[in-house]
Amino acid sequence: MARCNAQKKSYDVIIVGAGGHGLGAAYYLASKYGITNVAVIEKGWLGGGNTGRNTTIIRSNYLYDESARLYDHAVDLWDGLSQELNYNVMFSKRGVLMLAHNVHDVQSFQRHIHANRLNGVDNKWLTPEQCKSFCPPLDISSAKRYPVMGGALQQRAGVARHDSVAWGYARAAAKLGVDIIQNCAVTGVKRGPDGAVEGVETERGFIGAKKIGVSAAGNSTVIMNMAGLDFPLESYPLQALVSEPVKPIFPCVVMSNSVHAYISQSDKASW
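Reference entry: report on the structure contained in this document. (Residues numbered from 1 in each chain as written. Predicted model: local features only at pLDDT ≥ 70, side-chain atom pairs only at ≥ 80, totals over all residues. Heavy atoms only, no water.)

What to know about the packing of helix H1 (residues 20-33) against helix H6 (residues 162-175)
Inference 1: With their axes 9 Å apart at the nearest point, H1 and H6 run at an angle of 30° to one another. In terms of their interaxial angle, H1 and H6 are classed as roughly parallel. As H1 runs across H6, the sense of the crossing is left-handed. For the pair H1 and H6, the contacting residues are Gly 20, Leu 23, Gly 24, Ala 26, Tyr 27 and Tyr 28 in the first and Ala 166, Tyr 169, Ala 170, Ala 172 and Ala 173 in the second.
Inference 2: Of the residues in the contact of H1 with H6, the class split is nine nonpolar, two polar and no charged. (Axes fitted to C-alpha atoms, helices over the stretch in contact; angles between N-to-C directions. Helix = DSSP H or I, 4+ residues; strand = E, 2+ residues; numbered from the N terminus. Parallel < 35°, antiparallel > 145°, perpendicular 65-115°, else oblique. Left-handed = near helix turned anticlockwise from the far one by under 90°. Contact = heavy atoms within 4.5 Å. Nonpolar A, V, L, I, M, F, W, Y, C, P; charged D, E, K, R; others polar.)

Take a look at the structure:
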């Protein structure tokens, strides 16, 4: 990969964290705004943090106006991302189905649907029979502990391959002149007497920059503390069970707030 691990004494912008968000930010700075003197610094390897451990779900069926508009813009970006990056990010619009198991779920999801439609976001209500038609493995019998009373379906939602997203953004950003520095942990953030940032201390020495972006997932608050900033953010671990590859049988993403779980089958056929 061009310019991978190259390092200069200073940059216009440093981004801490070479995951999907950090690499995406670097790419758009270079491609949309012409800011190419950028370094993305990663303590491990490219895409080896949260990007390589997430559930890959892409959706915009959020309740509040601000969230719905932000995420719907993101879903629109996914539509042409493979063509823009000239790299297959394996975006699959297989649909996200949120199951309702009780009266509260039904009321809540129908509220979501109405709010989404007001914001121009696709979302529709399905009966239990329609849920099973869309996702045949579902058991909609009423005797279950969590009976399916219906569901909210966003059909243009789906999943993408997280590794491909990281590598696609990295390759495209590097071609525009962005440096990607791997295996180089940030150990401090230097600020001047006026409070303005001057750069970062790393395992390879000091690197100067007038602007620093932090996209380090659960470590973002740690990095910000290095700059003397206390952010009101708290990280929570989520557990994911990944199976061995099995025959493809699950056509979509299914979510359940009552069960506090969601399930999908990857392109590698694992769960």
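Comments concerning the side chain of Thr 56
Inference 1: Following the sequence through the fold, Thr 56 ends up in the loop between strand E2 (38-41) and strand E3 (57-58).
Inference 2: Judged by its relative accessible area of 19%, Thr 56 falls in the buried class.
Inference 3: If sequence neighbours within four positions are ignored, Thr 56 has contacts with Gly 158, Val 159, Ala 160 and His 162. (Buried < 20%, exposed > 50% of the residue type's maximum accessible area, 1.4 Å probe, protein only.)

A short note on the sheet that holds strand E5 (residues 124-126)
Inference 1: Reading across the sheet, the five strands line up as E5-E6-E4-E12-E13 and stay open at both edges, with mixed pairing between neighbours. Two strands bound the open sheet, and with one partner strand each, they are E5 and strand E13 (261-263). Across this sheet, the average inter-strand angle for adjacent strands is 25°, counted without regard to direction.
Inference 2: Sheet topology note: the strand E4 (residues 96-100)/strand E12 (residues 253-256) ladder contains four bridges and is parallel. Within the sheet, the bridge partner assigned to Leu 97 lies in E12 and is Val 254. (Pairing = 2+ DSSP bridges.)

Observations regarding unusual backbone geometry
Among all residues save glycine, negative phi is the norm, and among peptide bonds the norm is trans.
Inference 1: The backbone of Met 90 sits at a positive phi, close to 60°, despite the residue not being glycine.
Inference 2: Within the element layout of this structure, Met 90 appears in the loop between helix H3 (81-85) and E4.
Inference 3: At Ala 217, a position not held by glycine, the phi torsion is positive, near 50°.
Inference 4: Locating Ala 217 in the fold gives a position in the loop between strand E11 (205-214) and helix H7 (220-226).

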